[in-house]
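Reading the structure
Chain by chain, the residues run as shown.
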Amino acid sequence: MLVHLWLQQNGNCQSCGDAITSQTRWALQNIVPRVLGESDTNSNRVLVHESCHELFDT
Ligand SMILES: [Zn+2]
């Protein structure tokens, strides 16, 4: 759940470190595991601001 991720991150964006609130847009960032066999999908996702998500993709 998004709320669970949000709580795990203390409500902070994992890209810029600023708070993610109901007033900011957010996006789910998928982190591709670099080690084969690592299949825990929950640990491969972080919440970031929507604007930060665009930066991530480049
Ligand atoms: Zn951010």
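As the structure is a prediction and not an experimental result, all values here were calculated from the model.

Time to look at the overall build of the protein chain. If you tally the helices and strands in the protein chain, you get 2 helices and 2 strands. N-terminal to C-terminal, the α/β element order of the protein chain is α-β-β-α. Among the 58 residues that make up the protein chain, the fraction classed as buried is 10%.

This part covers the confidence of the model for the protein chain. Of the residues in the protein chain, 72% have a pLDDT of 70 or more, and the chain-wide mean is 81. Across the protein chain, element-level confidence peaks in strand β2 (residues 45–49) with a mean pLDDT of 91 and bottoms out in helix α2 (residues 50–57) with 79.

So, on to the nonpolar core. Listed in full, the 5 residues of the largest apolar core are Cys-13, Ile-20, Leu-47, Val-48 and Cys-52. Apart from the residues within four sequence positions on either side, Leu-47 is in contact with Leu-2, Leu-5, Trp-6, Gln-9, Cys-13, Gln-14, Ile-20, Trp-26 and Leu-28.

Calculation criteria
Residues numbered from 1 in each chain as written. Predicted model: local features only at pLDDT ≥ 70, side-chain atom pairs only at ≥ 80, totals over all residues. Helix = DSSP H or I, 4+ residues; strand = E, 2+ residues; numbered from the N terminus. Buried ≥ 20, exposed ≤ 12 C-beta atoms within 10 Å, placed from the backbone. pLDDT = per-residue confidence, 0-100. Core = buried A, V, L, I, M, F, W, Y, C linked by C-beta atoms within 7 Å. Contact = placed C-beta atoms within 7 Å.

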